[in-house]
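Breakdown of the fold
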Amino acid sequence: MRYSKLFGKTIKNAPSDEVAVNAKLLTKAGFIRKEIAGVYNFLPLGLRVLNKISNIVREEMNAIGGQELELTTLQNKQSWEKTGRWSSFDVLFKAKSQLDIEYPLGPTHEEVIVPLAKQFVNSYKDLPLYVYQIQTKFRDEKRAQSGLLRGREFLMKDLYSFHTDEKDFEKYYEIAKKAYKKLFQRLGLDAIETQAGGGTFSKFSHEYQVVAEAGEDEIIYCPAFAKASVGKPGCHFSQNQEIAGVKENESCPICQKKLAKAKAIEVGNIFPLKTKFSETFGLTYKGKDGKENPVVMGCYGIGISRLMGTIAEVYNDEKGIIWPKSVAPYQVHLIMINDKGLRIKKRADEVYEKLQKAGIEVLYDDREDVSAGGKFADADLIGIPVRLVVSEKTGDKIEWKKRSEEKTEFLSEEELIRRLV
RNA sequence: CGGGGAUUAGCGCAGUUGGUAGCGCGCACGGUUCGGGACCGUGAGGUCGGCAGUUCAAAUCUGCCAUCCCCGACCA
């Protein structure tokens, strides 16, 4: 992509109505633009990040048997009345048509997926079943805030699992936990699996919490947690403050270390639905014995757009964002520093073409009327992990610099491509 | 939903005895620059959030409304 043609430019001053770090940085860098409170447009750079996050989530959901589908946003009022949530779900958007018909705007999709599953699930042979979607959700938050962290319209992945019994559900619940840990790691996030209340559905649930000052939740957790990751030993104690049976500075019930308290952003949660919805809608299956039983369900959510905001909150410095490689909008940011003639420009164009041919995603700052300093500042703000420079100084080499480091090296085209492919 | 603050050019802001609006950035054009947000010159860009009121005259005073932000409550 040539920066000169990119829709969405960087700006020096963030709009004064943005206070949250993620919203400020993402707006300045040209990733998002606010439409109304809690509702953001995703510009080309922002959409690329969103898609990268979605794809990682998608891969991990597919890996645990998830089948992707897409459910409707405009939903069925009758179904919501049936579950009682038409009146009890306090953040439900209700849209009224010209014919005075009311429609819920989907904040979650149990009311859609369960009646739908009823059309296909008849026998124990149809179970277990895992379906998910990545879709825009609507929640009429009384107060939208913190940029992408709490919006009224946001992108979310929701997976629903269907089982013959509790035991099978519990097995899958553990599988989902592992997938979640792996997925957050791939996104560069240390998401702490935290015990939380079960809301109206059950006694417990698990939230995935990323420690950050901007977080709205508070967790009491074992500091040894940070070191615990997939495949590595470590303590896994963490509870949401709301339900915590222990306090800060008390000793960890598992490993006796002193517990810490921190603000955190909830980037995902998983919880049992048991038979609440299947009973309401009559979702049953016939067992081997010929008897009808209610289907046991689980629900697994991840806030995709919230993750984008979370990553911006966690990975930044005074100059801008520092995207983890896995979600960066482009692999490299190529900068051309003008000379008097068009020699450098021509050479940089060639490098750009070669990189593209090699299948490398490159954002190419080809602007002829911007100073080197201006381009460097923009590159730092946008936060692509690798910066490349072609200038008079670089000769027949190309300068390589990581966004996260000061060190620069000079590589030949071949070395460069080898390193990136 | 309660409390507080804000709204003037694309963005950041200034604008008090009330006299029909200005600065910086950005943008356009010309020129000089060219490795950490360069410089000079010229220029375009505004129903001062909306509606009503007071006044000879309103960005400025009054009322109502809208929107945005923050704190709190809320957040299956």
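Everything numeric here is computed off the predicted structure, so don't read it as measured data.

Let us look at helix α11 (residues 413-420). Listed as buried for α11 are Glu-413, Leu-416 and Leu-420. One side of α11 carries all its buried residues, which in axial view fall inside an arc of 65°. Contacts made by the buried residues of α11 are with β18 (332-336), α9 (343-357), β20 (386-390), β21 (398-402) and β22 (408-411).

Moving on, we come to the pattern of salt bridges. Counted according to the given criterion, the structure contains 30 salt bridges. Across the salt bridge formed by Arg-2 and Asp-349, the nearest N and O atoms sit 3.6 Å from each other. With Arg-2 in the segment before α1 (21-28) and Asp-349 in helix α9, the pair connects residues that are 347 residues apart, well separated along the chain. A salt bridge links Glu-110 to Arg-85; its shortest N-O distance comes to 3.4 Å. Residue Glu-110 is found in helix α5 (residues 110-118), and its partner Arg-85 is found in helix α4 (residues 85-88); the two are separated by 25 residues along the sequence. Overall, Glu-110 belongs to the buried group, its relative accessible area being 1%. Where salt bridges share partners, they join Arg-2, Lys-345, Asp-349, Asp-366 and Glu-368 into one cluster.

Bringing the domain arrangement of chain A into the picture now. When its domains are assigned, chain A resolves into domain 1 (3-317) and domain 2 (332-420). Look at where the C-alpha atoms of domain 1 and domain 2 centre, and you get two points 38 Å apart. The junction of domain 1 with domain 2 conceals about 970 Å² of combined surface from both sides, 60% of it contributed by carbon and sulfur atoms. When the buried area of domain 1 at its contact with domain 2 is split by residue, Tyr-3, Ser-4 and Thr-10 rank highest and sum to 49% of it. Seen at the junction of domain 1 and domain 2, the total is three salt bridges. One salt bridge connects Asp-317 with Arg-403, and the closest N-O pair in it is separated by 2.8 Å. The tally of links from domain 1 across to domain 2 stands at six residue pairs in polar contact (both at pLDDT 80 or more). Those elements that provide at least two residues to the side of domain 1 that touches domain 2 are α1 and α2 (44-63). Counted by class, the side of domain 1 that touches domain 2 contains seven nonpolar, two polar and four charged residues.

A separate point is α2. The first and last C-alpha atoms of α2 sit 28 Å apart over 20 residues, in line with the 28 Å expected at 1.5 Å per residue. Count one or two residues on from α2 and you reach Gly-65, which has phi positive near 90°.

What follows deals with the nonpolar core. Counting 59 residues, the largest nonpolar core has Phe-31, Ile-53, Phe-184, Met-308 and Trp-323 as its most contacted members. Considering every element that reaches this core, the biggest residue donor is helix α6 (residues 166-186), with eight residues. When residues of this core are assigned to domains, at least three map to each of domain 1 (3-317) and domain 2 (332-420). Leaving out residues up to four positions away in the same chain, Met-308 has contacts with Leu-26, Phe-31, Ile-32, Phe-42, Gly-46, Val-49, Leu-50, Ile-53, Leu-148 and Trp-323. Listed in part, the 20 residues of the second largest apolar core include Leu-71, Phe-271, Leu-283 and Met-297.

On to the pairing of strand β5 (residues 102-105), then. On a regular strand, each side chain points to the face opposite its neighbour's, so the side chains alternate between the two faces of the sheet. Relative to β5, strand β4 (residues 93-96) runs antiparallel, the two sharing four bridges. Considered in β5, the bridge of Lys-96 is made with Glu-102. Where β4 folds back on β5, the antiparallel hairpin that results is connected by five residues, among which Asp-100 adopts a positive phi of roughly 70°.

As a further point, take the packing of aromatic side chains. One pass over the structure, following the stated rule, counts 11 aromatic pairs. Aromatic pair Phe-31 and Trp-323: ring centres 5.4 Å apart, planes at 40°, arrangement tilted. One end of the pair, Phe-31, is in the loop between α1 and β1 (32-36); the other, Trp-323, is in the loop between β17 (320-321) and β18, with 292 residues separating them in the sequence. For the pair Phe-31 and Trp-323, one class covers both residues: buried. A centroid spacing of 6.4 Å and a plane angle of 50° characterise the contact between Tyr-173 and Tyr-300, whose relative ring orientation is tilted. A residue pair is termed long-range when its members are at least 10 positions apart, and Tyr-173 in helix α6 and Tyr-300 in strand β15 (residues 296-303) qualify at 127 residues. Summarising the burial analysis for this pair, Tyr-173 and Tyr-300 share the class buried. What links up through ring pairs into an aromatic cluster is the set Tyr-130, Phe-169, Tyr-172, Tyr-173, Phe-204 and Tyr-300. In this structure, Lys-276 packs its charged tip against the face of Phe-277, placed 5.6 Å from the ring centre. Here Arg-419 stacks its cationic end above the ring of Trp-400, 4.6 Å away from the centre of that ring.

So, how was this worked out
Residues numbered from 1 in each chain as written. Chains lettered and ligands numbered in written order. Predicted model: local features only at pLDDT ≥ 70, side-chain atom pairs only at ≥ 80, totals over all residues. Heavy atoms only, no water. Buried < 20%, exposed > 50% of the residue type's maximum accessible area, 1.4 Å probe, protein only. Helix = DSSP H or I, 4+ residues; strand = E, 2+ residues; numbered from the N terminus. Arc of directions from axis to C-beta. Contact = heavy atoms within 4.5 Å. Salt bridge = Lys/Arg side-chain N within 4 Å of Asp/Glu carboxyl O. Domains from an automatic or database assignment. Buried area = accessible area lost by both parts, 1.4 Å probe. Polar contact = N/O pair within 3.5 Å; in protein donor to acceptor, adjacent residues only side chain to side chain. Nonpolar A, V, L, I, M, F, W, Y, C, P; charged D, E, K, R; others polar. Expected span 1.5 Å × (residues − 1). Core = buried A, V, L, I, M, F, W, Y, C linked by side-chain atoms within 4.5 Å. Pairing = 2+ DSSP bridges. Phe/Tyr/Trp six-rings, centres within 6.5 Å; stacked < 30°, edge-to-face > 60°. Lys NZ or Arg CZ within 6 Å of the ring centre and 35° of its normal.

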